[in-house]
Amino acid sequence: MGAMPPTQARPANPVTVPAQTFPPVLEIRVHGVANTPPETTLGLTDSSQVDRVAGDDTTGLYRAKNSDPTALVETQAYSWGQLTSGQRAAKDLRRALWLLLLPFALVNVAFWARPEFPDKGGPSKTGGLASYLARVIALTLTVSLLLTATTVGVDLVGWQWAAVPRLDPPWLAFLTRGWFAGGSRVLLVGLAAPVAALAIIYLASRRTFRYEAVESLTPADAGTAPDTGAPSLRGRGFWSGDRQVRELSSVHWRVGMVASLASTVGPVALAQPRDHPSWWSGVILCVAFAVVAVIELVRLGGEQVTIRAQSAAGVSRTPLSSASLVVFWAAAAGSIGYLASGLELADRRGTLPGLNGSLRAVFVAQMLLVVVWTVTLRHGPRQGRVCLALCGVGGVAAAVIMLTGLDRLHPGWSASGLAVALVLLLGWAYALPGSPAARGDAAPAQPAAAWVRPAWRGAGGSVLAATGVLLAALYSGGLVFLVSWRLPGGTELALPDSLRWAAAGLPFFVFCVLVVTVWSLSRLQRHMAAEAGEVLGEYGRDGAHAAARAGQVARARLVHLLMAERALGRVGWLGGLALIGVIALAAGSATGSTFEEVAGPLAWVATLGFWLALGMLLGFAALGLIVYRGKPERRLVSIVWDLATFWPRASHPFAPPCYAESCVPQLVTRVCLDTQRKGFILAGHSQGSLICLATTLQLPTQQRGRVVLLTFGTQLSRLYGRVFPALLGPAVLHEAAESMGGHSGLRWRSFYRSTDPLGYPLDVVLQDPDGVTQPVGVDHPGSLPHRPLRDPEGLVPEPRQITDPVMNKHSDYSEDSQYRAYLVSVANRLVGVTDDW
């Protein structure tokens, strides 16, 4: 080596920096729902005992301050709960108000709840008829929301209330005076309601686009394969929905505003003389809005929306999108000028002409789409197209009947005809055998038990979507009823009949929920004595105190069995009962007759439904305020959102954001870029187990080889595997287990307790060394049956104790002796002390 230049001479007294030492194995614990604090995840008692070693205030990795750097395993807690719940702050109020977006969230989750995805080849493409129908159903919810806001602002306030001179309230008196008293101008004020509703939701969604923009960093030589085939948790683009959400957002806000503007301009145009230019101007504006709607429906099936494997960065606007945007803004500007010209309005008694029909058409279309989607999910796209064609023919026939006035001869005939048609379509969907994926036959050999088959005969997406549609209708009814109730003289205003029909179904559904709840509780009570006897025999105890304690353990075990093996079936019964009511309500709404003409004695049921819907709406709003003030309520709301927002926003862009699109890339980055550790243990509790599994599937093959997956208190197979069979079904769990070492060296272990109401056995299928496929219990080494952790340790106090042993149920898995023993054993294997798995 040459002489060192003078400018780079060594210092006279060099400082020796000791090399950093850290344990060779890193355990990353991922908490479940409700934003468990890092100190609790690490088994500590105070936040002052932990340090953040990576991340920020939203998501981060934490470790104990007194952790031993010479230990074999270092434990860090990954905290992600701030994405959905957070601490008491202004953002919590915004997140709590996500409760009002629950219909959007349900429809978005329904998109992923299907037996299979079509393999289109190329990048991960969430296309096909089933995907398109799901996105159309989601779009109808946005249209329903904007039409409800139009009903409140344009119909109730601008059209009906402002038509009668009133003095109260003073802040609305300007609607009947001066410039606004000139005919159609008052409707411009009413349009502020749908514009404000859309602006709030759209701006809130734009603030959450950053969730989808997080990307994982992997080594350049990771050897990751390109994203091909149907969407899966392995796909590199599965957690990259930035562009897709932005494109969906543009479709929704345009179609929503088109529905609102067209339903306002249309009645004004029809009120003008046919030979007047204002009539033709209104017709041209409505045609322009129709063109925008058609273009956006075409865009809904384009690659800009269906492909998830590309980022939004550098994506240019397509010609269709540009054309739609130009026509929309031109028509919107023309509509403002059209209404501001002060056109005379016809008789303003009753609801805004055409608005009731629009609401009715949207509601009936939603029900028909759900039925067609059910057929598509269970039988395939060919049968779905046939069903869609039948619905189209029926829709044309219904339109002819209504336009000719034949439905007025006997309104019950048309209602009965629609109800019979829907029942026949549903019978076709459920009575005939479904596709192999819907039956669960496409999965590897597995235990012949009902709880491993797809939930609700493969129509889980339909149940979730129908629930979202019904909830949206009830929200609409409650909001309209609230405004009419609070306006002076508002009780005299006419309410849309379609909303009254929807409200009439709420008492029926509440009654069904009460019946199923009472039935479930009675069945639990019936088995209590036998289960308590088994608990006493298992622990070998007797006496009054032991018997009382055995009753508590027996109750917890029966609740565990109910949730693991019966809960989805009970929800299916509720869904079926509710669907019968929905069919009747949709049939009645489609008649075009007033509620009293068809229902008569059921009018009081509709009034009761309105009050229930109003109470539900106000209850959610009050809960949002309580969440801002109280920690227990904030925890409850966060549980709901942690379950509903794991899945990407692939159908509804205004649903609350997907936190996994931040969590999974961050964990992948953490594992891939740390080349100094010899191994990682991804330990996920409850919902955290789903995040850990998704992270494992995203890892490159060579990185996955130094990872051990540890799940506890999980719902992977008994809940998620049944509701989301295409993404988490038996075949997917089998593939994941094979990638984690297979039968000969499985690097995956799961723990559960028979007293845990939210933690269930994990069922996977593997090949043994002889090549025979057989089910394996991941919750213990070897084959079935399952072996839960003992909980509690005893029924009565142990020697030198004064209290009963704690029944941990869903918590403190990491404190169990079997958990700790397994942690040490796998750490020794990762560092090479032992070779056998």
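Structural data are supplied above this passage.
Residues numbered from 1 in each chain as written. Predicted model: local features only at pLDDT ≥ 70, side-chain atom pairs only at ≥ 80, totals over all residues. Heavy atoms only, no water.

Asker: Whenever I open this one, the packing of helix 7 (residues 242-270) against helix 10 (residues 319-340) confuses me. Can you help?
Answerer: When two helices pack together, their arrangement is given by the angle between the helix axes and the distance between those axes. Running from amino to carboxyl end, helix 7 crosses helix 10 at an angle of 35°, the nearest separation of the two axes being 11 Å. In this structure, helix 7 meets helix 10 at a crossing whose hand is left-handed. Residues Trp253, Arg254, Met257, Val258, Leu261, Thr264, Val265, Val268 and Ala269 of helix 7 touch helix 10, and the partners they reach there are Ser321, Ser324, Leu325, Phe328, Trp329, Ala332, Ser335, Tyr338 and Leu339. Per-class residue counts for the contact of helix 7 with helix 10 are 13 nonpolar, four polar and one charged. (Axes fitted to C-alpha atoms, helices over the stretch in contact; angles between N-to-C directions. Helix = DSSP H or I, 4+ residues; strand = E, 2+ residues; numbered from the N terminus. Left-handed = near helix turned anticlockwise from the far one by under 90°. Contact = heavy atoms within 4.5 Å. Nonpolar A, V, L, I, M, F, W, Y, C, P; charged D, E, K, R; others polar.)

Asker: Which parts of the structure should I look at to understand the environment of His31?
Answerer: Looking at the element boundaries, His31 is found in the loop between strand 1 (25-30) and helix 1 (38-41). Using a relative accessible area of 3% as the deciding quantity, one classes His31 as buried. Sequence separation between His31 and Ala77 is 46 residues, and the spatial gap between their C-alpha atoms is 7.7 Å. Other than its neighbours up to four places away in sequence, His31 contacts Thr36, Thr41, Tyr78, Ser79, Trp80, Gly81, His685 and Gly688. (Buried < 20%, exposed > 50% of the residue type's maximum accessible area, 1.4 Å probe, protein only.)

Asker: Explanation requested: the packing of aromatic side chains in the structure shown.
Answerer: In this structure the tally under the stated criterion is 21 aromatic pairs. With centroids separated by 5.1 Å and ring planes inclined at 70°, the aromatic side chains of Phe328 and Trp329 adopt a geometry described as edge-to-face. Between Trp647 and Phe724, the aromatic rings sit 4.6 Å apart at their centres with planes inclined by 40°, giving tilted as the arrangement. Of the two residues, Trp647 is situated in the loop between helix 21 (631-644) and helix 22 (660-673) and Phe724 in the loop between helix 25 (716-723) and helix 26 (725-728); the sequence distance between them amounts to 77 residues. (Phe/Tyr/Trp six-rings, centres within 6.5 Å; stacked < 30°, edge-to-face > 60°.)

Asker: Even after reading the chapter, I still don't get a nonpolar patch on the surface, so can you show me in this structure?
Answerer: A contiguous nonpolar patch, built from Val510, Leu514, Trp604, Leu608 and Leu612 and spanning about 480 Å² of accessible area, is present on the exposed surface. Of all the elements in the fold, those that place two or more residues in the nonpolar patch are helix 16 (497-526) and helix 20 (603-629). At three residues, helix 20 tops the list of elements feeding residues into the nonpolar patch. Position of Val510 among the secondary structure elements: in helix 16. Overall, Val510 belongs to the partly exposed group, its relative accessible area being 34%. (Patch = residues over 30% accessible without salt bridge, like charges linked within 9 Å, V, L, I, M, F, W, Y side chains within 5 Å. Areas by Shrake-Rupley, 256 points an atom, 1.4 Å probe, with all protein chains shown as cover. Salt bridge = Lys/Arg side-chain N within 4 Å of Asp/Glu carboxyl O.)

Asker: Just checking my understanding: could you explain helix 7 for this structure?
Answerer: What sets the pattern is the α-helix's 3.6 residues per turn: residues three or four places apart point alike. In a regular helix each residue adds 1.5 Å, so 29 residues correspond to 42 Å; helix 7 covers 42 Å between its end C-alpha atoms and thus fits that length. Of all 29 residues in helix 7, 26 are buried; the element is thus mostly enclosed. (Expected span 1.5 Å × (residues − 1).)

Asker: Would you mind showing me how to read the side chain of Arg135 here?
Answerer: You can see Arg135 is positioned in helix 4 (residues 129-160). Of the side chains with opposite charge, Glu247 lies nearest to the buried Arg135, which makes no salt bridge, at 11 Å. Within the local environment of Arg135, its side chain forms a polar contact with the backbone oxygen of Ala650, the two atoms lying 2.9 Å apart. With residues up to four places along the chain from it excluded, the contact list for Arg135 reads Phe111, Thr126, Gln244, Leu248, Leu300, Val305, Thr306, Ala650 and Ser651. (Lys, Arg positive; Asp, Glu negative; His and termini not counted. Polar contact = N/O pair within 3.5 Å; in protein donor to acceptor, adjacent residues only side chain to side chain.)

Asker: Looking at this structure, I do not really get the sheet that holds strand 7 (residues 748-751). What am I missing?
Answerer: In any sheet, the strands associate via hydrogen bonds between backbone groups, in a parallel or an antiparallel arrangement. Pairing is mixed in the open sheet, where seven strands are placed in the order 2-3-4-1-5-6-7. At either margin of the open sheet sits one strand with a lone partner, and together these are strand 2 (50-55) and strand 7. For this sheet the average axis-to-axis angle between neighbouring strands, irrespective of direction, equals 25°. Pairing geometry for strand 1 and strand 4 (residues 73-79), over six bridges, is parallel. Residue pairing in the sheet places Val30 in a bridge with Tyr78 of strand 4. Together, strand 1, strand 3 (60-64), strand 4, strand 5 (679-685) and strand 6 (707-712) form the strand contacts of helix 22, whose direction differs from that of strand 4 by roughly 155°. Along the sheet face, helix 28 (residues 817-830) touches strand 1, strand 4, strand 5, strand 6 and strand 7 and points at about 170° away from the line of strand 6. (Pairing = 2+ DSSP bridges.)

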